[in-house]
Amino acid sequence: MIATILLSFGVLFLAELGDKSQLMALTFALRYRWWVVLAGITAASIAVNLIAVGVGHFLGAALPTNVIAVITAVVLLAVGLWTLRETFHTDADDDTEIAEKDSGARSPWRVFFMVLSAFLLAELGDRTMFAIIALASNHNWVAVWIGSVVGMVAAGGGAIALGILVGKHVPERAIAIGSGLLFLYIGAATLLSAFAPDLGRVTEYAIALLAPAVAGGVLLVLSSPASPRLRRAVERAETDASDRQSDAEETSGRAR
């Protein structure tokens, strides 16, 4: 049993190194409390590996990983775009406000469930799940489960440690922008793995770079000296649309 635990630990730890999940752990650790992120990763690892060994040992069949991967990609892309939107609507010198918003205003439970759901979806649609299923079909499933959980948490813990180290030397606004771009990159890579599984990891990751590159270019344009005028124009358009909607509601109410 000990040999199986060590085997599962080694397989999962090596498989997670440089994987999208480890990059996701780093991204979360840049913005939120490390112990909340680690708790979410641990809970997700326990759940997803239990599902994987159950599938491998009892069912001998795989979950619809492509569907799960698409859902994961959409969620990550949405989180990335929302993060970049928050940085766009914040002044360049307002780093303190971003820090308080990310680390203080968000409750630990909210961050925990966000990390848990993101990692659960990401790992269910990841290639490493097939390795767990294969190990569980030929070895003691309890030992495979223990080893895979410890390996996955260890890999995530290493990424969190790197995130803490980087976070101490990088401004909060830069971290927010970097996190948004990383979420876009992970989401694009996950989407490619679902629709084009034969690309290979190197090609997949290279093509996925287009998503953060385009978003970064748009962000640079919006951050240029002309962007305040553009932002005011957008705000005026939003205000005018809101006023027109209010007038329409008042007119409708009078007609009634």
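Values in this document were obtained by computation on a predicted structure and should not be read as measured data. The residue numbering used here restarts from 1 in each chain and proceeds along that chain's sequence as written. The predicted nature of this model means local features are confined to residues of pLDDT at least 70 and side-chain atom pairs, given and counted, to a pLDDT of 80 or more, with totals for whole chains, interfaces and linings taken over all residues. Side-chain numbers here rest on the full set of heavy atoms in the structure, without hydrogens or water.

(A) Broad picture of the packing of helix H1 (residues 2–16) against helix H7 (residues 128–138). In contact at an axis separation of 10 Å, H1 and H7 are set at 170° when each is read in the N-to-C sense. By the angle between their directions, the pair H1 and H7 is classed as roughly antiparallel. Counting all contacts with H1, which are made through Leu 7, Ser 8, Val 11, Leu 12, Ala 15 and Glu 16, the residues of H7 involved are Thr 128, Ala 131, Ile 132 and Leu 135. Of the residues contributing to the contact of H1 with H7, the split by class is 7 nonpolar, 2 polar and 1 charged. For helices, the axis comes from a line fit to the C-alpha atoms of the stretch in contact; other axes are also lines fit to C-alpha atoms, and the angle between any two N-to-C directions lies between 0 and 180 degrees. By the criteria applied, helices consist of DSSP H or I runs no shorter than four residues and strands consist of E runs no shorter than two, each listed in order from the N terminus. Any angle between 65 and 115 degrees counts as roughly perpendicular, while under 35 counts as roughly parallel, over 145 as roughly antiparallel, and the rest as oblique. Residue contacts are counted whenever heavy atoms from the two residues lie within 4.5 Å of one another. Each residue is assigned to one class: nonpolar for Ala, Val, Leu, Ile, Met, Phe, Trp, Tyr, Cys and Pro, charged for Asp, Glu, Lys and Arg, and polar for all the others, Gly among them.

(B) Broad picture of the nonpolar core. Membership of the largest hydrophobic core comes to 27 residues, with the highest contact counts inside it found for Met 24, Phe 28, Val 37, Ile 41, Val 115 and Phe 119. Going through the elements one at a time, helix H2 (20–31), helix H3 (34–59), helix H6 (108–124), helix H8 (141–167), helix H9 (172–195) and helix H10 (201–208) are the ones with two or more residues in this core. With 7 residues, the single largest contributor to this core is H6. When sequence neighbours within four positions are dropped, the list of residues in contact with Met 24 reads Leu 76, Ala 118, Phe 119, Ala 122, Phe 183 and Ile 186. Only buried Ala, Val, Leu, Ile, Met, Phe, Trp, Tyr and Cys residues count toward a nonpolar core, and they belong to the same one when joined by side-chain atoms within 4.5 Å. Remark: exposure states derive from per-residue accessible area (1.4 Å probe, protein chains only) relative to the maximum for the residue type, with buried under 20%, exposed over 50%, and partly exposed in between. Val 48, Val 55, Ile 132 and Leu 135 belong to the second-largest nonpolar core, a separate cluster that totals 13 residues.

(C) Main features of the environment of Leu 76. Tracing the chain through its elements places Leu 76 in helix H4 (residues 65–88). Linking Leu 76 and Met 24, residues 52 residues apart in sequence, is a C-alpha distance of 9.5 Å. Not counting the four nearest positions on each side in its chain, Leu 76 is found in contact with Met 24, Phe 183, Ile 186, Gly 187 and Thr 190.

(D) Spotlight on a nonpolar patch on the surface. Residues Met 1, Ile 146 and Val 150 make up a contiguous nonpolar surface patch of roughly 260 Å² in combined accessible area. Structurally, the position occupied by Ile 146 is in helix H8. You can call Ile 146 partly exposed: its relative accessible area is 31%. Like charges within 9 Å and nonpolar side chains (Val, Leu, Ile, Met, Phe, Trp, Tyr) within 5 Å are joined into patches, using only residues over 30% in relative accessible area that form no salt bridge. Calculation of accessible area relied on Shrake-Rupley with a 1.4 Å probe; when residues are assessed, cover is drawn exclusively from the protein chains displayed. Salt bridges, as used here, are contacts in which a Lys or Arg side-chain nitrogen is within 4 Å of a carboxyl oxygen on Asp or Glu.

(E) Summary view of H2. Take the residue count of a helix, subtract one, and multiply by 1.5 Å to get its expected span. Here H2 spans 17 Å end to end across 12 residues, near enough to the 16 Å set by a 1.5 Å rise per residue. Most of H2 sits out of view: 11 of its 12 residues are buried. Those residues of H2 lying buried are Lys 20, Ser 21, Gln 22, Met 24, Ala 25, Leu 26, Thr 27, Phe 28, Ala 29, Leu 30 and Arg 31.

(F) Region of interest: the side chain of Asn 49. Secondary-structure assignment places Asn 49 in helix H3. By the criterion applied in these results, polar contacts are pairs of N or O atoms within 3.5 Å in which, for protein atoms, one can donate a hydrogen and the other can accept it, and in which residues neighboring in sequence qualify only through two side-chain atoms. A distance of 2.7 Å separates a polar atom in the side chain of Asn 49 from the backbone oxygen of Ser 45. Aside from chain neighbours lying at most four places away, what touches Asn 49 is Ile 132, Trp 145, Ser 148, Val 149 and Met 152.

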